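What follows is each chain in one-letter form.
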Amino acid sequence: MRFRFAWVIPIILSFGFCATKIHGQTKSETSIPLDSVKTETNSFMSRMQDFAKKSAKESIEDFKSDKVSMVQLEVINQIRLTIQDAKGYLKTKTDTAGLKTRLSRLKEDYHIASDGVLNNRGTTQTYRNLASTKRILNELFLDAKKSKSLLETRQRELASYHYRIDSLSTAPELFIFPKDSAQTMDYVRTLASVAVDAAPVDSVLKISNTRVQKLLYSYNLIMSELQNEVEQVEGYERQMAEETFTRELPNIWQKQLHFRPFKDIVRFSLNKNVLTLKFYIINNAGKLSLIVFLILGSFIYLNALRSIYLEKGLLSKDMNGQLSIRYPALSAVLVVLSLFQFLLVSPPFILNFIIWIISCISLTIVFKNFITPYWMKVWLSMVVFFIFASAGNLLLQASRPERWYMLALSVIGAVAGILILRQKRDVELREKWIAHSIFVMVCIELISIILNIYGRFNLAKTLFLVGFLNVIIAILFLWVVRLINEGLLLAFEVYTVQDKKLFYLNFGKVGSKAPSLLYVLLVLGWVILLGHNFPLFEFLSKPVLEFMSTKRSLGNYSFSINGILLFFIIMTISVILSKIVSFFTSDDHLNGSKGNNENNRGLGSWVLLLRISILSIGLFLAVAAAGIPMERITIIIGALGVGIGFGLQTLVNNLVSGLIIAFEKPVNVGDIVDVDGQGGTMKSIGFRSSVISTWEGGDLVMPNGDLLNSHLMNWTLSGNRRRLSMEIGIAYDSDLQKCREIINKILEEEDRVLKNPKPAVNFELFGSSSIELKIQLWTRHLRENNPTRNDLIMAINDAFSKNGIKIPINQQDIYLHQAVEQRSLDKEK
């Protein structure tokens with residue numbers, strides 16, 4: 001690159017030469033015509049201007065050439081970097097082969113789902129088959145949508161790399177060549193090397209993009225088919241719901257229509273049920289894990305109760321009222337599965353069947369040998385009926401053998417129910433409502449028999465299952481309520497120091513009969529579980545669910561009823577969980593033996609911090625789940641700040657004092673304290689207040705702010721020791737040395753008196769009627785002071801009596817002085 005201002009140098013030199021020449025001529029006084037000088041000067045200036053223009057043009061061309069070279073270098077570097085990035089992306093590419101395999105498996109599952117509904121339809125559709133098909137098609141659609149999203153992302157990346165390489169390769173600056181031939185050859189070699197690197201990458205990008213495009217087209221096609229099939233299935237469901245009482249098949253004694261071979265029906269039903277179960281488990285793994293966690297927590301609680309009852313020898317042989325802790329694991333499984341199965345939204349029937357069978361097995365073992373043999377046989381027969389009815393319900397397509405199977409089992413079940421009711425042995429029942437559920441079963445099965453005979457297959461099949469299911473659900477729920485009530489009663493009997501403020505349930509109000517609210521919830525759950533088997537239930541509940549999930553606006557804030565309910569549910573669970581933590585950690589049974597009390601001394605403060613953490617996490621989860629914008633939270637916090645400034649100083653003071661207690665730990669749960677002369681044991685440390693169990697048996701609720709501001713004496717911090725002082729009055733004529741020896745001997749023989757520091761026996765003062773003696777000693781524990789004082793008084797009194805040492809009673813001598821005049825009068829008389 002030439003120096004851009006080099007053209008200035010010759011101009012300066014020429015101008016200087018010309019000036020010198022003229023100046024020299026002037027000195028020598030050589031006469032030169034003025035016109036000739038002007039002409040030469042003008043000629044010189046003209047040449048200089050031409051030279052300047054030429055130099056400027058050359059400089060501009062050099063500048064443009066240098067700028068083009070810089071741009072060319074930058075573009076070439078960008079092309080090379082893009083090629084390297086493209087190579088790296090192609091190495092970490094999306095597994096298109098895996099997506100192809102996934103597409104093939106999706107088509108296979110689609111074929112299974114459509115079997116019996118869209119293909120091989122048979123003579124009539126069944127509600128269970130339509131529901132299973134719709135569920136599988138929706139899951140396949142979501143799966144295809146995920147794969148399509150991956151492919152679209154892949155396609156965008158491939159197109160982006162291809163576009164960047166093409167746009168850089170077509171930059172105009174790349175087609176401007178240097179004027180120097182040597183530089184041109186070097187530039188051409190550089191372009192050739194870039195082209196060699198870019199060509200294969202660009203080719204691979206094009207091929208990959210074509211493959212992705214083809215695969216994306218296949219996914220779009222299958223998604224369109226799935227969506228159309230879902231709409232078609234929904235149309236079948238709507239038609240079935242509207243034609244619930246319409247005849248679908250000829251009467252059972254008439255000539256039947258063509259049915260698919262029964263073996264094929266069993267095979268495709270099994271495949272479709274397994275596929276439905278697999279998809280549901282994958283999509284609801286979190287909820288199922290939560291249920292397992294709840295089972296584990298319930299088992300720990302019931303097992304702790306059982307351990308306490310075993311330790312105290314409170315378990316009865318017949319386990320009456322103690323069934324919940326007879327088999328803690330089975331009771332936990334039964335209670336949690338029965339209650340929390342409602343977390344699973346619209347589960348497939350096969351999953352419900354598995355849950356109910358596990359619950360039936362658990363209940364059978366729990367009340368074995370507790371109920372009478374007759375009702376045990378009734379229960380087992382109902383379980384058998386339910387298993388056979390569920391097996392029939394798992395068949396997803398109608399067949400003639402199934403109609404006769406349903407008819408026979410319904411007749412047997414109805415007859416068995418009538419015989420059970422005619423026995424009139426419901427007085428032996430632990431739960432009287434079971435007889436009512438058997439009566440409902442008989443009625444439903446009789447209706448199912450009539451509908452089946454006259455060709456109303458779907459309604460007959462639904463009632464056929466519901467009849468037996470209603471007995472199973474009723475018995476399970478009734479016993480679950482009983483076990484819950486027993487668990488609360490058992491806890492009330494052994495958790496003797498719990499604070500009612502620590503938990504929502506007041507065990508003292510729990511009687512032998514469960515609260516009515518539990519029975520109301522039982523009936524509601526019974527209706528929901530039975531209603532899921534009817535086509536009308538979904539269409540009746542769908543508007544309600546849409547109403548709950550519809551977004552509504554209030555100013556700039558949008559919300560849904562589901563979000564609000566979710567917020568309160570999460571906050572309620574958080575509060576209950578924090579209460580449970582306080583409840584269990586407040587009881588002596590969970591603190592271990594007396595020897596472990598020192599290890600558990602700091603538990604209370606950590607429990608408070610744990611409760612604060614639980615509530616804080618619950619609050620943030622509730623806000624996130626409800627979709628509440630964070631700016632709304634800041635407004636609420638600002639409003640709370642104003643409220644705190646005006647009227648909540650005391651509340652905030654107590655809350656902050658609770659945090660100070662939690663971190664500084666001046667006092668912990670279980671500490672022996674004196675607060676302004678009021679002594680007791682620290683029972684609990686809460687957010688706003690703490691509870692002290694006084695020696696008189698009452699509970700002193702003290703705000704945390706007052707607790708910190710008061711004169712707090714914590715005896716536990718000093719090792720649970722307190723000096724014991726005793727004062728004794730000894731008669732003046734007693735042998736003081738002997739008294740000291742007797743008392744020292746008694747103190748040495750008392751094991752509860754510490755030898756270090758050594759007890760002190762000192763004479764303090766001369767009293768009005770005795771010499772005052774003061775005994776000062778230490779015991780091993782503060783709680784031993786009163787018993788030790790009692791025993792020492794008795795021992796000293798006995799020893800003094802044997803040795804003739806008197807403990808005088810306070811005496812006063814009264815002297816009566818008469819006046820002088822009164823004495824003289826007395827003498828005269």
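Undergrad: Any chance you could explain the pattern of salt bridges here in plain terms?
TA: Pairing is possible between side chains that carry opposite charge, provided their charged atoms lie close to one another. Across all of its chains, the model carries eight salt bridges by this definition. Residue K148 is joined to E152 by a salt bridge in which the shortest nitrogen-to-oxygen separation is 3.8 Å. A residue pair is termed a helical-turn pair when its members lie 3 or 4 positions apart in one helix, as K148 and E152 do in helix 4 (residues 127-169) at four residues. We classify K148 as partly exposed; its relative accessible area is 21%. A salt bridge links E750 to R752; the nearest nitrogen and oxygen atoms lie 2.8 Å apart. The pair formed by E750 and R752 is uniform in burial state, with each residue classed as buried. Through salt bridges with shared partners, a single network forms among E750, R752 and D791.

Undergrad: Even after reading the chapter, I still don't get the nonpolar core, so can you show me in this structure?
TA: Across soluble globular proteins, nonpolar side chains have a tendency to be buried as a group. Residues F367, W379, F386 and W479 are the most contacted members of the largest nonpolar core, which totals 79 residues. Per-element tally for this core: the top contributor is helix 13 (residues 457-494), with 22 residues. Other than its neighbours up to four places away in sequence, F367 contacts L323, R326, M376, W379 and W479. Counting residues in each nonpolar core, the second largest holds 45 residues, with V75, I83, Y110 and Y127 among its members.

Undergrad: Just to check I follow, could you spell out the environment of F388 for this structure?
TA: With respect to the helices, strands and loops of the structure, F388 is situated in helix 10 (residues 373-393). Between the C-alpha atoms of F388 and M406, which are 18 residues apart in sequence, the distance is 9.3 Å. Apart from the residues within four sequence positions on either side, F388 is in contact with Y405 and L409.

Undergrad: Help me understand the environment of I387 in this model?
TA: Within the secondary structure, I387 sits in helix 10. What makes I387 partly exposed here is its relative accessible area of 35%. C-alpha separation for the pair I387 and I357, spaced 30 residues apart in sequence, amounts to 8.2 Å.

Undergrad: Any chance you could explain the confidence of the model for the chain here in plain terms?
TA: On average, the chain scores 76 in pLDDT, and the residues at 70 or more come to 77%. Between residues 1-9, whose pLDDT stays under 50, and residues either more than four places distant or in other chains, the model counts ten contacts. In this model, residues 496-512 is a region of pLDDT below 50 whose contacts with residues beyond four sequence positions or in other chains number 43 contacts.

Undergrad: How should I be thinking about helix 22 (residues 785-802) in this particular structure?
TA: Residues spaced three or four apart along an α-helix face the same direction, because each turn holds 3.6 residues. Taking 1.5 Å of rise per residue, 18 residues should cover 26 Å, and helix 22 covers 26 Å from first to last C-alpha, within 8% of that figure. Listed in full, the buried residues belonging to helix 22 are N785, T788, L792, I796, A799 and F800. Burial along helix 22 is one-sided: seen end-on, the buried residues are contained in an arc of 95°. Among the exposed residues of helix 22, those oriented more than 90 degrees off its buried face are N786, M794, S801 and K802. In this structure, the buried residues of helix 22 make contact with strand 8 (723-730), helix 21 (736-749) and strand 10 (771-778). G804 lies just past helix 22 and shows a positive phi near 70°.

Rules and cut-offs
- Residues numbered from 1 in each chain as written.
- Predicted model: local features only at pLDDT ≥ 70, side-chain atom pairs only at ≥ 80, totals over all residues.
- Heavy atoms only, no water.
- Salt bridge = Lys/Arg side-chain N within 4 Å of Asp/Glu carboxyl O.
- Helix = DSSP H or I, 4+ residues; strand = E, 2+ residues; numbered from the N terminus.
- Buried < 20%, exposed > 50% of the residue type's maximum accessible area, 1.4 Å probe, protein only.
- Core = buried A, V, L, I, M, F, W, Y, C linked by side-chain atoms within 4.5 Å.
- Contact = heavy atoms within 4.5 Å.
- pLDDT = per-residue confidence, 0-100.
- Expected span 1.5 Å × (residues − 1).
- Arc of directions from axis to C-beta.

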